[in-house]
Amino acid sequence: MLDPRQVSLSLPSLDSLFCGLPEEWQTKALRDKLTDAYRNAVTALVLAALQLECPLPYVMMLPWRQVGSQYLCEYWVTASPVQAPTDCQWSFAGVIVCWEGNLRVHHTPVDDHDAPG
C-alpha cells in the first residue's frame, strides 16, 4: 500500500538554476554536474521529508544567492510553514555551491537549533 502522506515542495526549476548562472559558466559539463546535483538533492529532500513525523513536511530550495564570486542554492526540510508549530525538527539541509564553472554539494542532517533563518 502506498503511503498517503503528502509533501509540500517549493523548488526552482533546473533550467532556471542553470540560466541564473553567469553566461560564461553555462557549459555542457556544468549543466551535467548541476543536473546530477539537483536530482540528488531533490531525491534526498523528499526522502528526508517522508521520514518526518508531522502532517505536511515542507521542502524548500531557494534560487541562487550570490556571495562574493560564489553562487549558493540552499535547501532544507522542516515542518510546513503554513501549519501551527509542531514537534517536527529540521531533518536535512544542504547547499549547491557554484564558482567559476565549478560545482560542489554540501549537505547534512541538522538539529532544529542549527536551522537556517
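Residues numbered from 1 in each chain as written. Predicted model: local features only at pLDDT ≥ 70, side-chain atom pairs only at ≥ 80, totals over all residues. Heavy atoms only, no water.

## A word on the overall build of the protein chain
Each helix and strand counted, the protein chain has two helices and six strands in total. Going from the N terminus to the C terminus, the protein chain shows its helices and strands as β-α-α-β-β-β-β-β. Counting across all 117 residues of the protein chain, residues that qualify as buried make up 39%. Surface summary for the protein chain: the accessible area is close to 7100 Å², and the carbon and sulfur share equals 52%. (Helix = DSSP H or I, 4+ residues; strand = E, 2+ residues; numbered from the N terminus. Buried < 20%, exposed > 50% of the residue type's maximum accessible area, 1.4 Å probe, protein only. Areas by Shrake-Rupley, 256 points an atom, 1.4 Å probe, with all protein chains shown as cover.)

## A few points about the environment of Leu50
Checked against the element boundaries, Leu50 lands in helix α2 (residues 28-51). Since its relative accessible area comes to 37%, Leu50 is described here as partly exposed. In the structure, Leu50 is positioned 44 residues away from Gln6 in sequence and 8.2 Å away in space, judged by C-alpha atoms. Once residues within four sequence positions are removed from consideration, Leu50 is found in contact with Arg5 and Val7. (Contact = heavy atoms within 4.5 Å.)

## Regarding the confidence of the model for the protein chain
Confidence along the protein chain averages 82 in pLDDT terms, with 79% of residues attaining 70 or more. Element-level mean pLDDT values for the protein chain span from 86 in strand β1 (residues 8-10) up to 97 in helix α1 (residues 14-19). Residue range residues 83-87 is modelled with pLDDT below 50. Its contacts to residues more than four positions away, or to other chains, number four contacts. Between residues 111-117, whose pLDDT stays under 50, and residues either more than four places distant or in other chains, the model counts six contacts. (pLDDT = per-residue confidence, 0-100.)

## Quick look at the packing of aromatic side chains
The description of two aromatic rings rests on the distance between their centres and on the angle between their planes. Evaluation of the coordinates by the stated rule reveals two aromatic pairs. Their ring planes at 80° and their centres at 5.3 Å tell us that Trp25 and Tyr71 sit as a pair that is edge-to-face. Of this pair, Trp25 sits in the loop between α1 and α2 while Tyr71 sits in strand β4 (residues 70-79); the two residues are 46 residues apart in sequence, bridging distant segments of the chain. By relative accessible area, which is 11% here, Trp25 ends up buried. The buried category is assigned to Tyr71, whose relative accessible area is 13%. Here Trp64 and Tyr71 contribute two aromatic rings whose centre-to-centre distance is 6.4 Å and whose plane-to-plane angle is 90°, an arrangement assigned as edge-to-face. Each member of the pair Trp64 and Tyr71 is classed as buried. Cluster of aromatic residues (ring-pair linked, three or more members): Trp25, Trp64 and Tyr71. Across from the ring centre of Phe18, 5.0 Å away, lies the NZ or CZ of Arg31, which sits over that ring. (Phe/Tyr/Trp six-rings, centres within 6.5 Å; stacked < 30°, edge-to-face > 60°. Lys NZ or Arg CZ within 6 Å of the ring centre and 35° of its normal.)

## Describing unusual backbone geometry
Of note in this structure, Glu100 is not a glycine but carries a positive phi near 45°. By the element assignment, Glu100 lies in the loop between β5 (92-99) and β6 (102-108). With a relative accessible area of 59%, Glu100 lands in the exposed category.

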